[in-house]
Amino acid sequence: MNIVKKHMNIRILAGLILMSASIPVFSQQAGEVTDQEFVIRKDRVLTLPQQPRKFERTPVLPVPKSDGSFNYFVNPYFLSLAPEVIEPEAAQKQWPRKREDLYPGFARFGFGNYSSPLIEGRYNNWEEGDYNYGVKIKHEGFYTGPVDGRNSGENFTDVGLNGSLFRDFFQVYGGVDYYRHKFNFYGYDTENPVLENFVPNQNILNTFKITAGIQDLDKVEGFNYDVNLGMRAFNDNFEAAETELALRIKSGYWFDNTIKSGIDLDMSLTQPKDVFYSNINRNYLKVNPYVGYQNEALKVRAGANIVFENDVTQNKESDFVVFPQLVGEYMIQDEFGIYAGFEGDVIRQTYMDFVMENPFLGPSMNLLNTIQNFEIKGGVKGVLNNELTYEAGVGYGRFRNMHFFANSELDSTRFNIFYDDDTRVLNYNAKVSWNYEGWYRLIGKANYYFYNTSTLEAAFQRPEWELSLNNNFMLDDKWLLQFNANVMGGIVGGVFDSNIPQNELESSSFRSETLPVIIDLQLKADYQINDQFSVFAIGNNLLNRTNQRFLNYPVRGIQGIAGLTYKFGY
C-alpha cells in the first residue's frame, strides 16, 4: 500500500467516527429543552497578535530636462533727457456756496411810532485773498418820547470802518469808529405847574475811536500774541471830556498740548476834565502773568494781577498792589462738571464807562477805580443730550470804591456818582441754553444780588434780581421769530441833599425810593420774500409799562417799527 492510499483510508475513518458521534444529538425530539450551563467571565480579555504593516516610500519620479537656454542679457541705454516736472495745482472745481454768502452788503429801512426812523447799511468785502474790509452806518431816532413829546426825544448815530491784512503767520487789523448819542434831561416833575412849559437841557455824547493791532493766526501751538493799541476822544455838550490811550497785549506759549504760560498786559492813560477838575492824569497798568494746564476734563489757570493805579483816595496805602488769581474747572462727564475760582483785581473805571451805564450824569466830583479785594465763585455746569447747556453757581466778593448813582434834590434830572467804602456782594446765578433740532433756541439767564454796603443806605440804582429769556423760532426757510423777555426788580433810587458836601454824607442823608418791577416784552419777526428782499417788524415794551430803570426817567410805552431789508453786492 502506498502512502497516498494510506492517507485516504485515514480520512475516511475519521469521517465515520464524527458521524457516529453526532447521531445521539439528532436523535432527540424537536422542541425538547434540556438543562445547560453558561459561564460568563468578565476578566477574560481577547487579544490579537500585532501584525506589522509594511510601508514603502513613494518612488522618486525622474526630473524632466530641457534642451532650451534661459539666460537673459540687459543692454543699458543712456538718454540725455531731463526728468519730467509736475506742478501741483489746486482743484478748479466750483464748489457750491450758500446764497447768503453772495451778498456782502445789506441796507435796512424802517419807521415806527414816536417818530422813529431807522436807516442802516453794512458792506463787508471778504472775497480778496490777502485782506478784507467793512463799513457800517446806522441812524435810529425817537424824536418824540414818553414825557412832553420832543422834550424826551433821542437819537443814535454810529459810523465805522474796519479792515484786516493777512499774511502767512499773522494778521494786521484796525478800525475807525464814531458814535453820537443825542438826548434830553427829561427827568423833571411834569405835574409841577411851574414847569408847565419847561424845556430841558439837551446833551450830545460824541465818541471818536481809532484802533490798530496785530495777532498771530495759529492759536493752538507755540507762541501766540495779540497786541492792540487804541486812542479815544470823548466829550459832551457841557464841560465833560476825556481822552484815552490804551494798550492791550495778550501773549502765551504752548509748551505742549496741555501746558501754557503767558503774560497779559492792560494799560490805560486817561485825561478827564469836568466842572470840578481838569488837567489830571489817571494812569492804570495791570500785568497778569499766568500758567495754565488743560486736558479733556481738567482746566486750571494760576497767576497774579499786578496793578499800578494813581487814584487818590482816603486810607490808600500804595498805588502798587498784587492780587492772586486761581480759576479752574473739572468735567467729570460731559453732562456734569464743577468750577471754582478765587481772584483779586482792580477794575478800571473811566468817565466813558460811567456815562455808557447812565447817560444822565451831572458834573462828576471824582473818578475812582473799583478795588476787588477778592471774589470767590463756584458752581456746576454741563451739557445734556448734546442740546441743553446749563450752568449754576454762587459768588461772594468784597469791594472798595464800588460806584452807585443817586439824584440831587435841587436837580432831579441829574445823577451823581457815589462810592461805598466797603461793599460785600453775594450773587446767585444760573444760565441755560437749549438748541432743539435746529428750529428752536432758548437762552436764559438769572441773577440774584445781595449788597451789604457800609457808607450808603442801599445799593442805589443796582437791581436786586434780573431775568432774561431769548427765544428764537426758525419755522422754515422764510420765517424767523424772536420773543424776548427782560425782567428786573429791587432797584432802589436815592435822593440826597446837595447842600451837604459828599465827604460828609452819611447813610441817613439819603432818601430812598424803591422803583416798580421792570417787565419788557419784545417780539421780532422777519419774513424773507426772496434771496435779496425781506421785511421785518419789531415790537418793544408790549405791556406798555413805564419801566423806570433810573429814578424820574420812564421809558417809551408800546413802540413798534416795520421796514424792509435789501441785500446787495455780488
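Residues numbered from 1 in each chain as written. Predicted model: local features only at pLDDT ≥ 70, side-chain atom pairs only at ≥ 80, totals over all residues. Heavy atoms only, no water.

Peer 1: For this particular structure, what's the right way to read the nonpolar core?
Peer 2: Within soluble globular proteins, side chains that are nonpolar generally end up buried alongside one another. Residues Y351, F360, L361, F415, I417 and Y553 are the most contacted members of the largest nonpolar core, which totals 29 residues. Elements with a minimum of two residues in this core: α2 (351-357) and β17 (415-420). Per-element tally for this core: the top contributor is α2, with four residues. Setting aside its immediate chain neighbours within four residues, Y553 contacts N184, F185, Y186, G187, F360, T413, F415, N547 and Q548. Within the second largest apolar cluster, 16 residues are counted, among which are V425, L456, F496 and F510. (Core = buried A, V, L, I, M, F, W, Y, C linked by side-chain atoms within 4.5 Å. Buried < 20%, exposed > 50% of the residue type's maximum accessible area, 1.4 Å probe, protein only. Helix = DSSP H or I, 4+ residues; strand = E, 2+ residues; numbered from the N terminus. Contact = heavy atoms within 4.5 Å.)

Peer 1: It is not clear to me how the environment of N228 should be interpreted in this structure. Could you clarify?
Peer 2: Structurally, N228 is set in strand β7 (residues 222-235). Aside from chain neighbours lying at most four places away, what touches N228 is Y173, T211, A212, G213, A246, L247 and R248.

Peer 1: So what exactly am I meant to see when it comes to the pairing of strand β13 (residues 336-347) here?
Peer 2: Direction of pairing for strand β12 (residues 320-333) relative to β13: antiparallel, over a ladder of eight bridges. From the neighbouring strand, Q333 faces β13, where its bridge partner is F336. Taken together, β12 and the strand that follows it, β13, pair antiparallel across an intervening segment of two residues. In the sheet, β13 pairs with strand β14 (residues 370-384) via 10 bridges, with the strands oriented antiparallel. The partner of I347 across the bridge, within β14, is T370. (Pairing = 2+ DSSP bridges.)

Peer 1: Is there a simple way to explain the pattern of salt bridges in this structure?
Peer 2: Two side chains of opposite charge can pair, provided their charged atoms sit close to one another. The final tally for this structure, using the stated rule, is 18 salt bridges. Notably, a salt bridge pairs R108 with E120, separated by 3.6 Å at the nearest N-O pair. In this pair, R108 is assigned in strand β1 (residues 105-112) and E120 in strand β2 (residues 116-125), connecting sequence segments 12 residues apart. Across the pair R556 and E154 runs a salt bridge whose closest N-O atoms are separated by 3.1 Å. Taken as a pair, R556 in the loop between β25 (533-540) and β26 (559-568) and E154 in strand β4 (residues 154-166) lie far apart in primary sequence, 402 residues in all. Through salt bridges with shared partners, a single network forms among R108, E120 and R122. (Salt bridge = Lys/Arg side-chain N within 4 Å of Asp/Glu carboxyl O.)

Peer 1: Explain the sheet that holds β17 to me, please; I cannot follow it from the model alone.
Peer 2: In any sheet, the strands associate via hydrogen bonds between backbone groups, in a parallel or an antiparallel arrangement. The strand order across the open sheet formed by four strands is β17-β16-β22-β23, and the pairing between neighbours is mixed. Lying at the two open borders of the sheet, with one neighbouring strand each, are β17 and β23 (510-514). Across the sheet, the mean angle separating the axes of adjacent strands is 40° when strand polarity is ignored. Looking at chain direction, strand β22 (residues 492-496) and β23 are connected through five bridges and run antiparallel. (Axes fitted to C-alpha atoms, helices over the stretch in contact; angles between N-to-C directions.)

Peer 1: Whenever I open this one, the packing of aromatic side chains confuses me. Can you help?
Peer 2: Think of a pair of aromatic rings as described by two things: how far the centres are apart, and how the planes are tilted against each other in angle. Counted according to the given criterion, the structure contains 32 aromatic pairs. Aromatic side chains Y123 and F568 sit 6.2 Å apart centroid to centroid with 15° between the ring planes, which places their arrangement in the stacked category. One end of the pair, Y123, is in strand β2; the other, F568, is in strand β26, and 445 residues separate them in sequence. Using a relative accessible area of 25% as the deciding quantity, one classes Y123 as partly exposed. Judged by centre distance (6.0 Å) and plane angle (75°), the ring pair of Y436 and W439 falls under edge-to-face. (Phe/Tyr/Trp six-rings, centres within 6.5 Å; stacked < 30°, edge-to-face > 60°.)

Peer 1: Is there a simple way to think about the environment of P463 in this case?
Peer 2: Structurally, the position occupied by P463 is in the loop between β19 (440-452) and β20 (465-473). The spacing of P463 and Y448 is 15 residues in sequence and 8.5 Å in space, taken between C-alpha atoms. Excluding anything up to four places from it in sequence, P463 contacts Y449, Y451, M488, G489, I491 and R549.

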